[in-house]
Amino acid sequence: MTYQKAIHELHSNVHTCHGDEPNVVAYDVNGNVVSYDASAVATKKTELNNADNLYWLRVERDEKLAETDYLALSDATLTSAMSTYRQALRDITSSATSLDDVTWPTKP
């Protein structure tokens, strides 16, 4: 996420932003400069980045679960190993926060 996105999230009156972090100038719809707390914006940017990282982790996890969904159908037999693997995938967000720090379980 960008610094500008964090400013927009914190200040609903911001219409546009110009410049590069940390020298971003924010403007309202009338072209007036909107002041903001750079520390709060940095914190919000981190929060947005963390949420984005978790989103992509879940996307990858969901793809891995989808690869084995057919085994969980009522007419298929799900082995204990596959059940454990699928549960480990569902639990992955309790131990990882992004694709950079995940250790994927081994598919049986």
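All of these numbers come straight from a predicted model, not from anything done at the bench.

Peer 1: Mind showing me how you'd approach the overall build of the protein here?
Peer 2: A count of helices and strands for the protein gives three helices and three strands. Mapped in sequence order, the helices and strands of the protein form the string α-β-β-β-α-α. Its C-alpha atoms give the protein a radius of gyration of 21 Å, clearly above 13 Å, the size a compact globule of 108 residues would have. Referenced to the eigenvectors of the C-alpha coordinate spread, the extents of the protein come out at roughly 65 × 25 × 15 Å. Relative to its 108 residues, the protein shows a buried fraction of 26%. For the protein, long-range pairs separated by at least 24 residues make up 45% of all intrachain contacts whose partners lie at least 6 apart in sequence. For the protein, the computed accessible surface area is about 7,100 Å², with 49% contributed by carbon and sulfur atoms. A gap of 6 Å separates the mean positions of the 9 positive and 16 negative side-chain charges of the protein.

Conventions used here
Residues numbered from 1 in each chain as written. Predicted model: local features only at pLDDT ≥ 70, side-chain atom pairs only at ≥ 80, totals over all residues. Heavy atoms only, no water. Helix = DSSP H or I, 4+ residues; strand = E, 2+ residues; numbered from the N terminus. Rg over C-alpha atoms; globule rule 2.2 N^0.38 Å. Buried < 20%, exposed > 50% of the residue type's maximum accessible area, 1.4 Å probe, protein only. Contact = heavy atoms within 4.5 Å. Areas by Shrake-Rupley, 256 points an atom, 1.4 Å probe, with all protein chains shown as cover. Lys, Arg positive; Asp, Glu negative; His and termini not counted. Charge placed at Lys NZ, Arg CZ, Asp CG, Glu CD.

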